[in-house]
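Summary of structural features
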Amino acid sequence: MATIFSISHFAPLTFLYYFLFFSTSPTPSFAIDITNLLSSYPDLSDFSNLLSSTSVAADITHRTSITLLAVPNTFLRSSDLTNHHSPPPPSSSNLADVLRYQVLLQYLSWPDLLRIPPNGKLFTTLFQTTGRASTNSGFVNITRNPVSNTITVHSSTSNATVLSLVKTLPYNVSIFSINALLIPSDFNLMASETRPPLGLNITKALIDGHDFNVAASMLTASGVEQEFEADEGGAGITLFVPIDEAFSDLPSRLKFQSLPAGRKAVVLRFHVLHSYYPLGSLESIVNPVQPTLATEDMGAGRFTLNISRINGSLAIDTGIVQATVTQTVFDQNPVAVFGVSKVLLPKEYFGSNPIEVDKPIVGGMGSEEAQPPDIALSPELYGPPSHLSSPPGSDMRSAAAAAAENGWFLRIFLVLWCIVFS
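For clarity, every value in this text was computed on a predicted model and none was experimentally measured.

Description of the overall build of the protein
Counting secondary structure elements, the protein contains 19 helices and 14 strands. Element-wise, carbon and sulfur atoms account for 58% of the exposed surface of the protein, whose accessible area totals about 20,100 Å².

Laid out in structure tokens, this is it:
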């Protein structure tokens, strides 16, 4: 009887501890650090270095499930990728796209591969999400030999055999080694390297485009213009340049012009994608989260832009600012320059709360007037709350906060209950 009493006396406290622990533990977020996963495999070091020297490692970070087809050093060094260039130029957009072609957009285990029918099955690659893959060139066909169970990955121009399973993290990441680099169909790996530089003077193009004088002067003063122009003959670049009014609309408390030179240069790099994207490619991007030149300096997963279509116009979201593309200033491979309605403020520097609404753009890129959803002012940057409405989903966040508050009342009640009845 005493034992029964002891268990019943203990149960409420045990329940309380479990309740408090599990109800307050945050849900873990999963980000794929592919170079860290590959760091334990020296034979894949060259392939890992290629991923990290391009924006591909950052692209993978935002995925929830992938299968990476990694090429060991021995096979990679005998490929066209390294025969022509030693080391391969990390600024090459074609190099990045070839690496994206080695990334399947779903988790595949070894048993999954052994269940593939002999005639094969198509799988989507990360290259397909760029908008630069023509027809079916962003897919690979994987087949299985029913006798030997050999797994082969095909494009119309190259084949590779799966050698072994390197690592698996069910059901998010699997890494297989293959014996050759896969090249997308009708893909000229060396095209970007033989193309002569455009020789575009970005500042002059902005001045000629009118309404970009502030941005032009900032680029010249910061010195980053030379960095951007140096990339013209390689991967190409895509610039989002704020109109003059965007700078005058910045609240005085922000003190944007007083930023240290180093931070201001990072903000300018935050306005640039390290690949050439014409308007059509931007509008068809499947993976909206895009790394910027600032991502390459500050680390994977940081200083990224979210690109999407809203009300017929192209929207650029930083997490605290939502801007709209107002016009095409310049577009000739390998450089695209677009005017945007707001200064793109990175949340890493300017906080995590949303700021002011974007103004409607008349006669913009879409057939209808762009009117992004209203976004509340940030109290820590801009003082007292305004009359503007809350961002989409804020009611859900408020409800969640209320539920959390009520949850604490419940926890306090349980503590008191345990004390009284113990």
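Let's talk about helix α11 (residues 213–222)
Buried within α11 we find Ala215, Ala216, Met218 and Leu219. An end-on view of α11 places all buried positions within 165° of arc, on one side of the element. Positive phi shows up at Gly223, right after α11, with a value of about 85°.

Looking at the confidence of the model for the protein
Looking at the protein, the pLDDT average stands at 75 and 67% of residues meet or exceed 70. Scored below 50 in pLDDT, residues 1–11 shows 1 contact in the model against residues more than four places distant or in partner chains.

Considerations on unusual backbone geometry
For the bond running from Pro170 to Tyr171, omega is -5°, close enough to zero to count as cis. The residue Tyr171 is located in the loop between β6 (159–169) and β7 (173–178) in this model. A positive phi angle, near 70°, is found at Asp211, a position not held by glycine. Within the secondary structure, Asp211 sits in the loop between α10 (202–208) and α11. By relative accessible area, which is 35% here, Asp211 ends up partly exposed. Residue Phe303 is not a glycine yet carries a positive backbone phi of 55°. Along the chain, Phe303 falls in the loop between α16 (293–298) and β11 (304–310).

Here's the deal with the environment of Leu51
Structurally, Leu51 can be placed in helix α3 (residues 45–53). Considering only alpha carbons, one finds Leu51 and Arg100, 49 residues apart in sequence, at a separation of 8.9 Å. Setting aside residues no more than four positions away along its own chain, Leu51 makes contact with Ile34, Leu38, Val56, Ala57, Leu68 and Leu99.

A few points about the environment of Arg77
Topologically, Arg77 is positioned in helix α5 (residues 73–77). Sequence separation between Arg77 and Ala180 is 103 residues, and the spatial gap between their C-alpha atoms is 10.0 Å. A distance of 2.6 Å separates polar atoms of two side chains, one belonging to Arg77 and the other to Asp46.

Things to note about the sheet that holds strand β4 (residues 139–144)
Across the sheet, 7 strands lie side by side as β2-β1-β7-β6-β5-β4-β3; this open sheet has mixed pairing. Every other strand in the sheet has two partners, leaving β2 (103–104) and β3 (121–124) as the edge strands with one partner each. Here strand β1 (residues 66–70) runs beside β2; their pairing, made up of 2 bridges, is antiparallel. Looking at the pairing, Leu68 lines up with Val103 of β2.

Quick notes on the packing of aromatic side chains
Inspection of the entire model under this criterion finds 7 aromatic pairs. Between the aromatic rings of Trp110 and Phe176, the centroid separation amounts to 5.8 Å while the plane-to-plane angle is 35°, which identifies the pairing as tilted. One end of the pair, Trp110, is in helix α8 (residues 110–114); the other, Phe176, is in strand β7, and 66 residues separate them in sequence. Overall, the relative accessible area of 29% leaves Trp110 in the partly exposed class. Judged by centre distance (6.2 Å) and plane angle (50°), the ring pair of Phe247 and Phe256 falls under tilted. Residue classification places Phe247 among the buried residues on the basis of a relative accessible area of 12%. Ring-pair connections join several aromatic residues into one group, and the members of that group are Phe270, Phe303 and Tyr349.

Details of the nonpolar core
By size, the foremost hydrophobic cluster in this structure holds 56 residues, and its most contacted members are Leu206, Phe228, Phe240, Phe256, Leu282, Leu345 and Phe350. Sequence-distant contacts of Leu282, that is, excluding residues within four places in its chain, are made with Thr238, Phe240, Leu273, Tyr277, Ile307, Leu314 and Phe338.

A word on the environment of Gly301
Topologically, Gly301 is positioned in the loop between α16 and β11. Spatially, the C-alpha atom of Gly301 lies 8.2 Å from that of Asp59, the residues being 242 residues apart in sequence. If near-sequence neighbours (up to four positions away) are discounted, Gly301 is found in contact with Thr61, His62 and Thr295.

Re the sheet that holds β11
Spatially, the 7 strands line up as an open sheet ordered β9-β8-β14-β13-β12-β11-β10, and their pairing is mixed. One side of each edge strand has no neighbouring strand; the edge strands of this open sheet are β9 (272–273) and β10 (289–291). Across 6 bridges, the pairing between strand β8 (residues 237–242) and strand β14 (residues 335–340) is parallel. Across the sheet, Leu239 pairs through a bridge with Val337, a residue of β14.

Re the pattern of salt bridges
Using the criterion set out here, one finds 5 salt bridges in the structure. Residue Arg77 pairs with Asp46 through a salt bridge whose shortest N-O separation is 2.6 Å. With Arg77 in helix α5 and Asp46 in helix α3, this residue pair connects regions lying 31 residues apart in the sequence. Connected via shared salt-bridge partners are Asp59, Asp97 and Arg100.

A few points about the side chain of Gln102
Structurally, the position occupied by Gln102 is in the loop between α7 (93–100) and β2. Aside from chain neighbours lying at most four places away, what touches Gln102 is Phe47, Thr67, Leu68, Leu69, Ile178, Leu181 and Leu182.

Focus on the pairing of strand β5 (residues 151–154)
In this structure, β4 lies alongside β5, joined through 4 bridges in antiparallel fashion. Across the sheet, Thr143 pairs through a bridge with Thr152, a residue of β5. A loop of 6 residues connects β4 with β5, the two strands running antiparallel in sequence, and Asn149 in this loop sits at a positive phi of about 60°. Strand direction decides the pairing type here: β5 and β6, joined by 3 bridges, are antiparallel. Within β6, the position partnered with His154 by the bridge is Asn159. Connecting the antiparallel pair β5 and β6 is a turn made up of 4 residues.

The rules we used
- Residues numbered from 1 in each chain as written.
- Predicted model: local features only at pLDDT ≥ 70, side-chain atom pairs only at ≥ 80, totals over all residues.
- Heavy atoms only, no water.
- Helix = DSSP H or I, 4+ residues; strand = E, 2+ residues; numbered from the N terminus.
- Areas by Shrake-Rupley, 256 points an atom, 1.4 Å probe, with all protein chains shown as cover.
- Buried < 20%, exposed > 50% of the residue type's maximum accessible area, 1.4 Å probe, protein only.
- Arc of directions from axis to C-beta.
- pLDDT = per-residue confidence, 0-100.
- Contact = heavy atoms within 4.5 Å.
- Polar contact = N/O pair within 3.5 Å; in protein donor to acceptor, adjacent residues only side chain to side chain.
- Pairing = 2+ DSSP bridges.
- Phe/Tyr/Trp six-rings, centres within 6.5 Å; stacked < 30°, edge-to-face > 60°.
- Core = buried A, V, L, I, M, F, W, Y, C linked by side-chain atoms within 4.5 Å.
- Salt bridge = Lys/Arg side-chain N within 4 Å of Asp/Glu carboxyl O.

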